[in-house]
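These are the residues of each chain, in order.
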Amino acid sequence: MDTSAKTISNTYRTTLKEKILNTATAYFYEKGIKSVKMDDIAGILSISKRTLYELYHNKEELLLACIKTRRERLANHLEDMVVHGANTMDVFIEILTNRMEEVDRIHPHFFAELDKYPSVMDYLEKTRKEQKKNSHAFFQKGVEEGYFRTDVNFDIVMDISNSCVEHVMKSELYNHFPLHEIHRTLTIVFVRGLCTEKGLKCIDKTLTR
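Residues numbered from 1 in each chain as written. Predicted model: local features only at pLDDT ≥ 70, side-chain atom pairs only at ≥ 80, totals over all residues. Heavy atoms only, no water.

A. Spotlight on the packing of helix H5 (residues 88–103) against helix H10 (residues 197–207). Two elements in contact, H5 and H10, have axes whose closest approach is 10 Å; the angle formed by their N-to-C orientations is 25 degrees. The orientation of H5 with respect to H10, classified from their angle, is roughly parallel. Viewed along their axes, H5 and H10 form a crossing whose handedness is right-handed. On H10, the residues that touch Met89, Phe92, Ile93, Leu96, Thr97 and Met100 of H5 are Gly199, Cys202, Ile203, Thr206 and Leu207. Of the residues contributing to the contact of H5 with H10, the split by class is eight nonpolar, three polar and no charged. (Axes fitted to C-alpha atoms, helices over the stretch in contact; angles between N-to-C directions. Helix = DSSP H or I, 4+ residues; strand = E, 2+ residues; numbered from the N terminus. Parallel < 35°, antiparallel > 145°, perpendicular 65-115°, else oblique. Left-handed = near helix turned anticlockwise from the far one by under 90°. Contact = heavy atoms within 4.5 Å. Nonpolar A, V, L, I, M, F, W, Y, C, P; charged D, E, K, R; others polar.)

Laid out in structure tokens, this is it:
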């Protein structure tokens, strides 16, 4: 295969993988993980099952790729905001807004079914530990910029909020209340408590949108 043909092949492969990830993510969110079959994804995109399985060997591998890609896209977007002068609260609000918009699109079963996929859970646990380290520096910067209070133990807040999220999943609270309402309530309880008057003005604008 000559160089130009290789380039075309690699470009097609990259474009196809992006289409697969976008489609699979949308369907996982809409229907939950269990309800989505690899055959469904191939059929929607009008590609052969063989082509799909050559790129992603099974549903767990595809699901992991979807989650990694979504997180990487958000991380790149936030980094770009910082490069262009965004402050801590700008970034914080962007994260909250992203989550609020996302939970409106996600079927509750999606979260309940994640623990059936070990590689996904391992990845999420690893990223949680990394985020906890990064959160300390982020919180301290917010304190210095005047958005977060100086008298709050951030470790305690993180541990309690994580326990609340786990309780929501284990108790299946999402079967009684919409996910967006649960997320908004947790935001009011935990995030507003971190903020100074300066920070509250920014957060409350987001919550009333």
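That covers the picture; the talk isn't over yet.
B. Spatial organisation of the layout of surface pockets. The calculated volume of the second largest pocket comes to roughly 280 Å³. Contributions of two or more residues to the lining of the second largest pocket are made by helix H1 (3–31), helix H4 (59–83) and H5. A breakdown of the residues in the lining of the second largest pocket according to their chemical character gives five nonpolar, four polar and five charged. (1 Å grid on protein atoms, 1.4 Å probe; cavity = no way out; pocket = protein on both sides within 12 Å on 5 of 7 lines; lining within 4 Å. Points joined across faces, edges and corners; volume = space filled by probe spheres on them.)

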